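Coordinate analysis (summary)
Given next are the chains, with one letter for each unit.
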Amino acid sequence: MEKILDIITEKMQQAFEKAGYDPSFGRVTVSNRPDLCEYQCNGALAAAKQYKCAPIQIAKAVAEQLDKSDYDMCEAVMPGFLNLKLSGAFLAAYLEEMRTQEDFGVQKIGQGKTIVVDYGGANVAKPLHIGHLRPAIIGEALKRLYKFLGYNAIGDVHLGDWGLQMGLIIAELQEREPGLPYFDQGFTGEYPKEAPFTVTDLEEIYPTASAKKADPEFSSKAHQATLELQQGRRGYRALWRHIMNVSVADLKKNYDNLDVHFEKWLGESDADPYIPAMVEDMKNRGIAVQSEGAWVIPVAEEGDKKEVPPCILVKSDGSAIYATTDLATLVQRMQDWNPDKVLYVTDKRQNLHFEQVFRAARKAGIVKPETELEHVGFGTMNGKDGKPFKTRDGGVLRLEQLIADMTDFVRAKVVENQIVEEDQVEATTAKIAMAALKYGDLSNQPTKDYNFDMERFAAFEGNTGPYILYTIVRVKSILSRYGAWEALPIQTPANPFAKELMIAITKLGPTLEAALRSSSPNLICAYIYELAGCVNKFYHETRILSEEDETLKAGYISLIGLAKNVLEQCIYILGFSAPEKM
Ligand code: ARG
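Residues numbered from 1 in each chain as written. Predicted model: local features only at pLDDT ≥ 70, side-chain atom pairs only at ≥ 80, totals over all residues. Heavy atoms only, no water.

Re the overall build of the protein chain
Across its full length, the protein chain holds 21 helices and 13 strands. Dimensions along the principal axes, computed over C-alpha positions, put the protein chain at roughly 90 × 65 × 40 Å. Scored against the burial criterion, the 582 residues of the protein chain give a buried share of 53%. Expressed as a percentage of contacts within the protein chain between residues at least 6 apart in sequence, the contacts between residues at least 24 apart total 74%. If you sum the accessible surface of the protein chain, you get close to 26300 Å²; carbon and sulfur atoms cover 50% of it. Across the protein chain, the 65 positively charged side chains and the 81 negatively charged ones have centroids separated by 3 Å. (Helix = DSSP H or I, 4+ residues; strand = E, 2+ residues; numbered from the N terminus. Buried < 20%, exposed > 50% of the residue type's maximum accessible area, 1.4 Å probe, protein only. Contact = heavy atoms within 4.5 Å. Areas by Shrake-Rupley, 256 points an atom, 1.4 Å probe, with all protein chains shown as cover. Lys, Arg positive; Asp, Glu negative; His and termini not counted. Charge placed at Lys NZ, Arg CZ, Asp CG, Glu CD.)

The following block contains the structure:
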């Protein structure tokens, strides 16, 4: 569906033309004086300069040409503004179309386009910690947004499954259990199907090994193991498979709990086969040059405000690094999916890394000139006190623990207020906790740091996830008391609150598009907060179920039903859902 602003701009342009002026002056914007009007056009002021006459004269002539049935008010006011209020009939017709079209008639701007969203970024053998919350939540929301707007969106977790961390684990296991067949170079039999460790073991093994990095002897063993693993040593590959299976199963479970789902579970190891040919080619074409024994890609550009150091492709010891993997991953993605865009969601401390990788990829022609590469670098989630989040003993808080804390906090409220039957407590709690957690995060502009405040995020009032859920549940309850409502048509607004609600609903498409273009799910949060506010105001000011005029009542019901569906669609994109009762 065409956006309201576009429709009324077109009509305004025709009116300018009919009145004898250049139609390009007819641009309409949302009013910056909502107390006076809903939309406005300032074109007469600019036109006056060209036509050398008073702006008000032009505005009046244009107003004459507007179709009065579209507006409750279309006024030329001094010095030459055109103030507009849409008519109820116009709004009702527009909303009825939204109600009856698929996906509310939102324009599918991504039709035929493919995007890869690289988010999550978990590292194998390390439990998810709170640093993994933001990439999971923001990435999932952006991916769902792209999907809803028509893109073929491929979410890829891009596991950290190939570097030194693997060598560290292998070296540590060898010290503990040297007798395992994986370490016997002469072993030619089949390796056991079962891993020689559990995920809990791994969670202890990895930090222990990591702490030993300072020990030169252990460190060199770990580096050697990493190299041999990458070169294909059979026993190490088998051990690596075990680490992967055990760890990925656990990661999947954790992401599932967050309602975060990846289309692809690829990782750094999957990019490895692409590295040799890519490096060879870059050397041959002079894209990569030698510098102090390493191979680098110079990526500084004229006009850089900050120094952008060369992108290191191969270190002096011959090993590949983070940037090499990201470039090779792009080779794989272009080859397999030919995306129009690749979007990365990571901590903003990786800004420079991605700047270098993007420039190198363009320079080497790994992506097409028109392929969009974007990095969404998000800020840090701090504790309530604004300081980095730490456990009581100073450690890193596990994601599982954070979710458990939020869940406990919400459960206590649910139980205390006797919100639902006993057998519904857990399911309802889980939904509210997820809304609190995700909305608390997503309502902030991604690039900004924010403070994690459980009490505030979980409050049922204010700008919170639970408040949005509460609004949806309230409407659901009215609808269920009314009966079948899905087929009821939208009617002209019966009061100003209905009208305000209707105007809010029409902003769905423009909001989603703006959120996509600026990678800002926070715009969707702001939108549903406004929309929920309009729903509640309408609810308080209007007798809905007790309305005696059945036609009027049906109109009210249809309107709040549509509002509820829009809210539910938006929270689906944000990654949470509403319970039946709250
Ligand atoms: N595993 C990485 C980390 O822990 C994040 C990966 C992000 N994605 C990427 N393509 N580099 O920092």
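Details of the sheet that holds strand E9 (residues 311-314)
Ordered by their spatial adjacency, 3 strands build an open sheet running E7-E8-E9, and the pairing between neighbours is antiparallel. Because the sheet does not close on itself, it has two edges, and the strands there are strand E7 (289-291) and E9. Sheet twist, expressed as the average angle between the axes of neighbouring strands with direction ignored, equals 50°. Contacts between helix H12 (residues 322-337) and the sheet are confined to strand E8 (294-297) and E9, with E9 contributing the most and set at about 85° to the helix. (Pairing = 2+ DSSP bridges. Axes fitted to C-alpha atoms, helices over the stretch in contact; angles between N-to-C directions.)

Concerning the site of the ligand
Around the ligand, the structure places Asp-118, Gly-121, Asn-123, His-158, Tyr-322, Asp-326, Tyr-344, Thr-346, Gln-350 and Phe-354. Asp-118 is positioned such that a nitrogen or oxygen atom in its side chain is 2.9 Å from a nitrogen atom of the ligand. With respect to the ligand, the side chain of Asn-123 contributes an N or O atom lying 3.0 Å from a nitrogen atom. Calculation on the ligand without its partners gives an accessible area of 350 Å², and the protein chains cover 83% of this total. When the residues that make up the shell around the ligand are grouped by side-chain class, the tally is 3 nonpolar, 5 polar and 2 charged. (Near = heavy atom within 4 Å. Polar contact = N/O pair within 3.5 Å; in protein donor to acceptor, adjacent residues only side chain to side chain. Nonpolar A, V, L, I, M, F, W, Y, C, P; charged D, E, K, R; others polar.)

Here's the deal with the sheet that holds strand E4 (residues 81-86)
Reading across the sheet, the 4 strands line up as E1-E2-E4-E3 and stay open at both edges, with antiparallel pairing between neighbours. If you trace the sheet from one side to the other, it starts and ends with strand E1 (28-30) and strand E3 (71-77), each paired once. Pairwise comparison of adjacent strand axes, ignoring direction, gives a mean angle of 25° for this sheet. Of the pairings in the sheet, the one linking E3 to E4 comprises 6 bridges and is antiparallel in character. What sits directly across from Tyr-71, in E4, is Leu-86. Across the sheet, helix H3 (residues 55-65) lies against E3 and E4, angled at about 155° from E3, the strand it touches most.

A look at the pattern of salt bridges
According to the stated counting rule, one finds 44 salt bridges in the structure shown. Where Glu-530 meets Lys-507, a salt bridge forms, and the shortest distance between an N and an O atom there is 3.4 Å. Of the two residues, Glu-530 sits in helix H20 (residues 521-541) while Lys-507 sits in the loop between helix H18 (496-506) and helix H19 (508-517), which places them 23 residues apart along the sequence. Note on Glu-530: relative accessible area 34%, which makes it partly exposed. Under the relative-accessibility criterion, Lys-507 is labelled partly exposed at 28%. (Salt bridge = Lys/Arg side-chain N within 4 Å of Asp/Glu carboxyl O.)

A word on unusual backbone geometry
Residue Pro-79 follows Met-78 across a cis peptide bond; omega there is -5°. Considering the arrangement of structural elements, one finds Pro-79 in the loop between E3 and E4. In this structure, Glu-292 is a non-glycine residue whose phi angle is positive, near 50°. As for its position among the elements, Glu-292 is in the loop between E7 and E8. Here Glu-292 falls in the exposed class, since its relative accessible area comes to 79%. Of note, Ser-519 is a non-glycine position whose phi angle comes to about 45°, a positive value. In this structure, Ser-519 sits in the loop between H19 and H20. Among the residues examined, Ser-519 registers a relative accessible area of 4% and is labelled buried.

Digging into the packing of aromatic side chains
Scanning the entire structure with this criterion turns up 19 aromatic pairs. Centre to centre, the rings of Tyr-255 and Phe-262 are 4.9 Å apart; their planes meet at 80°, and the pair counts as edge-to-face. The pair Tyr-255 / Phe-262 is uniform in exposure class, with both members buried. Taken together, the ring pairs in this structure connect Tyr-119, Tyr-255, Phe-262 and Trp-265 into an aromatic cluster. Directly above the ring of Phe-148 sits Lys-108, whose terminal nitrogen or CZ lies 4.4 Å from the centroid. (Phe/Tyr/Trp six-rings, centres within 6.5 Å; stacked < 30°, edge-to-face > 60°. Lys NZ or Arg CZ within 6 Å of the ring centre and 35° of its normal.)

Topic: empty space enclosed by the protein
It is the rolling of a water-molecule-sized probe over the atoms that shows where space remains empty. Within this structure, the stated rule accounts for 4 cavities of 30 Å³ or more. Around the largest cavity, the lining is made up of 14 residues, and of these Met-1, Tyr-94, Gly-105, Val-106 and Gly-509 lie nearest the centre. Elements represented by at least two residues in the lining of the largest cavity include exactly helix H4 (88-100) and H19. Considering every element that reaches the lining of the largest cavity, the biggest residue donor is H19, with 4 residues. Partitioning the lining of the largest cavity into residue classes produces 7 nonpolar, 4 polar and 3 charged. (1 Å grid on protein atoms, 1.4 Å probe; cavity = no way out; pocket = protein on both sides within 12 Å on 5 of 7 lines; lining within 4 Å. Points joined across faces, edges and corners; volume = space filled by probe spheres on them.)

A word on the state of the cysteines
Cysteine pairs can be linked by a disulfide, which is a covalent bond between their two sulfur atoms. Summed over all chains, the structure comprises 0 disulfides. Cysteine Cys-74 is unpaired, with the sulfur of Cys-37 as its nearest cysteine sulfur at 11 Å. Residue classification places Cys-74 among the buried residues on the basis of a relative accessible area of 16%. (Disulfide = S-S within 2.5 Å.)

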